[in-house]
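Each chain is listed here by its residues.
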Amino acid sequence: LLKRILTKAKDRGYSVKLGFEYEFSVFSETSNTVREKNFQGLNSLTPGNFGYSILRSSTHADLFNDLMDYCTELRIPLEGVHCETGPGVWEAAIVYDHALEAADRAALFKTFSKVFFQKQGLISTFMAKWSMDVAGQGGHVHQSLSSTETGKPLFYDAKTRGNMSEIMTQYLAGQIKYLRPFLAMSAPTINSYARLVKGAWAPTSATWGMNNRTAALRVVPGTETSYHLEHRVPGADANPYLVAASIVAAGLLGIQQKLELGEETKGNAYEAQAGLPEKLQFPTNLRDSFRNLAQSGEAEEMFGREFLEHFVASREWEAKEYERRINDWQMQRYFEII
């Protein structure tokens, strides 16, 4: 699917570069102990909120360095690894590359970083939200376009608002317009929607801002070669190939339709959300999300009927499996009092 979308980009003269970054949590547990504890009361590798902590990364320097060396051997070069906010939370930024190679690296990283930690007698998770007491775990994607003919970056224009080229504004406008219809490809699990809540450093509506980390899409200003766009919606749980396909497709639609970019969100995007139309608000559950995807004519145009029917059916199965289970919340809420 991603190859097909990238072929569409190439046919229009665009080369796509992406860089994935993942937040994940590391626990002093094993595959056996998490099950013995029924995934409750787990011991994080480190306690407390130590985002960007030199204390934690120095104390566990061997583990950090060994992970980077391990990934280098697997041809998954990392720009860096650091502690993020939350107990045992790490973040790894994978070196950017052409879109398919970047997605390959992301898929390999998600699998083999888990292998790495399990070899150390630890375990990690890429769930979007493993506890409501901590922040969610993102799988942000940095992206840029360049000309296939000249290699020239296409997002920068020194003579325009914020140095954003017309191609960039149209590409960004497309991602804004199609964020809601294509959301299920970036938020594909029941758990994804526990992360997409207000005030938790995860977007809840289709907004953009200049270096604004509360917005869904963050324009990262810089020089002609470094100016790019960060997509902050995908969770760490999402499939990198489907994420890449959905966001690039949305951007291409924006260029194709010559969409105009609306006003940027300044300040807290959560506070600005109240005034946004429904078409820019995210659904709060997987069922509504995959229905939006199924009803999108542009999704069928870009991804094809065969993929769309299969993926939507798989997401419907996921929702049904969840809905037919009695969970702890239901027992605690209803067992005695109702």
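Residues numbered from 1 in each chain as written. Predicted model: local features only at pLDDT ≥ 70, side-chain atom pairs only at ≥ 80, totals over all residues. Heavy atoms only, no water.

Here we come to a nonpolar patch on the surface. A contiguous nonpolar patch, built from Trp329, Tyr334, Ile337 and Ile338 and spanning about 530 Å² of accessible area, is present on the exposed surface. Assignment of secondary structure puts Ile337 in the segment after helix 13 (328–334). With relative accessibility at 73%, the residue Ile337 sits in the exposed group. (Patch = residues over 30% accessible without salt bridge, like charges linked within 9 Å, V, L, I, M, F, W, Y side chains within 5 Å. Areas by Shrake-Rupley, 256 points an atom, 1.4 Å probe, with all protein chains shown as cover. Salt bridge = Lys/Arg side-chain N within 4 Å of Asp/Glu carboxyl O. Helix = DSSP H or I, 4+ residues; strand = E, 2+ residues; numbered from the N terminus. Buried < 20%, exposed > 50% of the residue type's maximum accessible area, 1.4 Å probe, protein only.)

Right, let's talk about empty space enclosed by the protein for a bit. Within this structure, the stated rule accounts for two cavities of 30 Å³ or more. In this structure, the largest cavity encloses a volume near 60 Å³. Taken together, Gln175, Tyr178, Leu179, Phe182, Leu183, Ser186, His231, Ser246, Ile247 and Ala250 make up the lining of the largest cavity. Elements that contribute at least two residues to the lining of the largest cavity include exactly helix 6 (166–178) and helix 8 (240–256). The element that contributes the greatest number of residues to the lining of the largest cavity is helix 8, accounting for three residues. Here the residues of the lining of the largest cavity are counted per class, giving six nonpolar, four polar and no charged. Taken as a whole, the second largest cavity encloses approximately 30 Å³ of empty space. (1 Å grid on protein atoms, 1.4 Å probe; cavity = no way out; pocket = protein on both sides within 12 Å on 5 of 7 lines; lining within 4 Å. Points joined across faces, edges and corners; volume = space filled by probe spheres on them. Nonpolar A, V, L, I, M, F, W, Y, C, P; charged D, E, K, R; others polar.)

One can expect most non-glycine residues to show negative phi and most peptide bonds to be in trans. Phi angles above zero are rare outside glycine, and Asn38 is one such case at about 55 degrees. Within the secondary structure, Asn38 sits in the loop between helix 2 (31–36) and helix 3 (54–59).

Right, let's talk about the pattern of salt bridges for a bit. The tally for this structure, following the rule as stated, stands at 14 salt bridges. Residue Glu278 is joined to Arg180 by a salt bridge in which the shortest nitrogen-to-oxygen separation is 3.8 Å. On the criterion of sequence distance, the pair formed by Glu278 in the loop between helix 9 (269–272) and helix 10 (286–294) and Arg180 in the loop between helix 6 and helix 7 (192–195) is long-range, its members being 98 residues apart. For Glu278, a relative accessible area of 58% translates into the label exposed. Its salt-bridge partner being Glu321, residue Arg324 comes within 3.6 Å of it at the nearest N-O pair. Assessed through its relative accessible area of 56%, Arg324 is described here as exposed. What makes Glu321 partly exposed here is its relative accessible area of 23%. Because the salt bridges share partners, they merge into one network encompassing Asp97, Glu101 and Arg105.

Here the focus is the nonpolar core. One finds Phe20, Trp90 and Phe109 to be the most contacted residues of the largest nonpolar core, which totals 89 residues. Considering every element that reaches this core, the biggest residue donor is helix 8, with 11 residues. Setting aside residues up to four positions removed in sequence, Phe109 forms contacts with Tyr22, Phe24, Cys71, Ile76, Leu78, Ala92, Ile94 and Phe126. (Core = buried A, V, L, I, M, F, W, Y, C linked by side-chain atoms within 4.5 Å. Contact = heavy atoms within 4.5 Å.)

What sets the pattern is the α-helix's 3.6 residues per turn: residues three or four places apart point alike. Here helix 4 (residues 61–73) spans 18 Å end to end across 13 residues, near enough to the 18 Å set by a 1.5 Å rise per residue. Along helix 4, the residues that are buried comprise Leu63, Phe64, Leu67, Tyr70 and Cys71. Buried residues of helix 4 fall within an arc of 130 degrees about the axis and therefore sit on the same side. In this structure, helix 4 carries Asp62, Thr72 and Glu73 as exposed residues pointing more than 90 degrees from its buried face. Along its buried surface, helix 4 packs onto strand 1 (14–27), helix 3, strand 2 (78–83), strand 3 (89–94) and helix 5 (99–119). Arg75 sits one or two residues past helix 4 and shows a positive phi near 60 degrees. (Expected span 1.5 Å × (residues − 1). Arc of directions from axis to C-beta.)

Further remarks concern the packing of helix 4 against helix 5. The geometry of a pair of packed helices is captured by two quantities: the angle between their axes and the separation between those axes. The geometry of helix 4 relative to helix 5 is characterised by a closest axis approach of 11 Å and an angle of 135 degrees between their N-to-C directions. Accordingly, the angle class assigned to the pair helix 4 and helix 5 is oblique. Our pair here, helix 4 against helix 5, has a crossing hand that is right-handed. In this structure, helix 4 contributes Leu63, Asp66, Leu67, Tyr70 and Cys71 to the contact, and helix 5 contributes Phe109, Phe112, Ser113, Val115, Phe116 and Phe117. Its residues placed into classes, the contact of helix 4 with helix 5 shows nine nonpolar, one polar and one charged. (Axes fitted to C-alpha atoms, helices over the stretch in contact; angles between N-to-C directions. Parallel < 35°, antiparallel > 145°, perpendicular 65-115°, else oblique. Left-handed = near helix turned anticlockwise from the far one by under 90°.)

Bear in mind that shape data such as this cannot, by itself, settle questions of function.
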